[in-house]
Amino acid sequence: MEKKGLEKMVLSHTHDMENTENKTNCNDASTKENGLFLSPTDAMEYRAYKKQKKIGEISLAMSRSCTPIRLGEDAQRICERAVRIRQAAVKAPLTSLLSVKEYLTRNKMRMDCVIGGNGEHLTKVKAYEIKLARKNGVAEVTVAITPSLMSACRYTEIKRELKKLRRAAKNMSLKVWVDKKHSFPAIARVARICCEVGAQYVCVPHFDGCERLRYDLTRGCLLEVSEVNTLEEYKRLAGAGVGRIVVTRPWDIYNEWLKEAEKIEIGKVSSASQNAQKTEKVEDKMPQIAGEKPITAQTKEVKPVLPPKPALPALKTDGETNYRCRLEGTELKFL
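Residues numbered from 1 in each chain as written. Predicted model: local features only at pLDDT ≥ 70, side-chain atom pairs only at ≥ 80, totals over all residues. Heavy atoms only, no water.

### Digging into the pairing of strand β5 (residues 140-144)
Among the five residues that make up β5, five are buried, leaving the element largely enclosed by the rest of the structure. Pairing between strand β4 (residues 110-115) and β5: four bridges, direction parallel. In the sheet register, Asp 112 faces β5, and the bridge partner there is Glu 140. The handedness of the β4 to β5 crossover, carried by helix α5 (residues 123-135), is right-handed. Pairing of β5 with strand β6 (residues 173-177), which is carried by five bridges, proceeds in the parallel orientation. (Buried < 20%, exposed > 50% of the residue type's maximum accessible area, 1.4 Å probe, protein only. Helix = DSSP H or I, 4+ residues; strand = E, 2+ residues; numbered from the N terminus. Pairing = 2+ DSSP bridges. Right-handed = clockwise from strand over helix to strand, strands pointing away.)

### A word on helix α3 (residues 75-85)
Among all positions in α3, only Ala 75, Ile 78, Cys 79, Ala 82 and Ile 85 are buried. The arc that holds every buried residue of α3, seen down its axis, measures 130°, which confines them to one face. The inward-facing, buried residues of α3 contact α2 (40-62), β2 (65-68), β3 (89-93), α4 (97-106) and α10 (250-262). Where α3 begins, the capping side chain belongs to Asp 74, and its oxygen is found 3.4 Å from the backbone nitrogen of Gln 76. (Arc of directions from axis to C-beta. Contact = heavy atoms within 4.5 Å. Polar contact = N/O pair within 3.5 Å; in protein donor to acceptor, adjacent residues only side chain to side chain.)

### Re α10
Counted at 1.5 Å a residue, the expected span for α10 with its 13 residues is 18 Å, and the 19 Å between its end C-alpha atoms agrees. Those residues of α10 that sit buried are Pro 250, Trp 251, Ile 253, Tyr 254, Trp 257 and Ala 261. What you see down the axis of α10 is that its buried residues fit within an arc of 160°, all on one side. Check the buried side of α10 and you find it contacts α2, β2, α3, α9 (231-240) and β9 (244-247). (Expected span 1.5 Å × (residues − 1).)

### Topic: the pattern of salt bridges
The tally for this structure, following the rule as stated, stands at 16 salt bridges. Note that Glu 140 is salt-bridged to Arg 110, the shortest N-O span being 3.2 Å. Residue Glu 140 is located in strand β5, and its partner Arg 110 is located in strand β4; the two are separated by 30 residues in the primary sequence. The exposure class of Glu 140 is buried, given its relative accessible area of 1%. Classification of Arg 110 as partly exposed rests on a relative accessible area of 38%. For Glu 224, the salt bridge is made with Lys 175, and the minimal N-O distance between the two is 2.4 Å. In this pair, Glu 224 is assigned in strand β8 (residues 222-228) and Lys 175 in strand β6, connecting sequence segments 49 residues apart. By the burial criterion, Glu 224 is buried, and Lys 175 matches it. Through salt bridges with shared partners, a single network forms among Lys 91, Arg 110, Asp 112, Glu 140, Lys 175, Glu 224 and Arg 244. (Salt bridge = Lys/Arg side-chain N within 4 Å of Asp/Glu carboxyl O.)

Just distances and angles here, no functional claims.
What follows is the structure, encoded as C-alpha cells:
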C-alpha cells in the first residue's frame with residue numbers, strides 16, 4: 001500500500017511538471033508570435049530615435065571618404081558637396097590646387113595633392129613637387145610607386161626612394177599609391193615597405209579582396225581604396241575597417257544611403273492603445289448642445305455633489321419607554 005501511494009505521488013508530481021513546462025512553452029510561443037507592442041506616441045519617438053541614429057552612422061561612415069577632382073570637372077561644385085557631406089579630404093592634382101585652395105582653407109577641409117604623375121618621374125622632381133604642395137598648405141600628398149621598379153621587383157630602390165620622399169614631406173601625411181595590375185604578394189610587400197618607411201596610407205584601386213592588405217600594415221599605417229562606385233562596395237569596405245575610401249560620386253551614394261533611414265519602421269502598436277486613441281477621437285467629435293459645456297472624459301466622470309442628509313433625532317432612553325420585545329408569528333412578546 002505504501003509503495004502504491006508513493007508511485008501515485010511521483011506520477012502526480014511528474015504530471016504537474018509537464019503541465020508547467022507546456023504552459024511556459026505556450027507563453028514563449030505567444031510572446032514570439034505577438035512581439036513587442038508599443039503605443040503610437042512611443043512608436044513615433046522610437047522611430048525618430050532610430051532614424052537619427054541611422055543618419056549619425058551614415059555621416060560617420062561618409063567622414064572617411066574622399067573625392068577626386070579630375071580634368072574637365074567643376075572643382076568648386078565638388079568642393080561644396082564635400083563640405084556639406086563633411087568628407088575627410090579632397091584629392092586634386094597640383095595644377096588644379098590653386099583654384100580650390102581658398103575655398104577648402106576657409107571651410108577647414110584637408111587637401112590631398114597628387115604628385116609625380118603616373119610614377120615615372122625622377123625622385124628629385126617628386127621631392128620638389130612635395131615642397132611646393134607643403135608651401136600651399138597641403139595636409140596630404142599621394143605619390144605613385146614607379147611602375148618600372150615594381151615590374152623589375154627592385155624593392156631596395158623603392159624603399160630608398162620612399163625614404164627621400166618621407167624626409168621631403170616632413171609633417172605632411174605621405175600616401176603611397178600602388179597599381180592593382182601587379183600581383184597581390186608584390187603589393188603586400190610594398191605595403192610592408194611603406195610601413196617601415198613611415199608612410200601614413202597605402203593606396204590601391206578597388207579589386208576583390210583588397211581589404212586583406214590591412215593585415216600586412218603595421219606602425220599605424222592605414223589602407224586607402226579608390227575607384228569605389230556603388231553603395232554596396234562602400235558598405236563592405238567601411239565594415240572591413242578601411243581607413244580611407246575614395247568615391248567617384250559621393251553625393252549619389254550619400255542620398256541613396258539616406259533613403260534607408262526613411263524606410264525605418266517600428267514593429268506593432270498595441271490594440272488597447274489604438275482603441276483608446278479611437279475613443280478619444282470619438283469623444284472629441286461628439287456634438288455640443290447650445291448652452292452646455294462640451295462633453296469630455298473628465299466631465300463624464302464628475303458626479304454631482306448631493307446635500308448632506310439631515311440628522312435623525314436621538315431616541316429616548318428613559319426607563320418607561322425602553323421596552324424589549326420580539327414578534328413571534330402574529331403575537332408580540334415582551335422580554
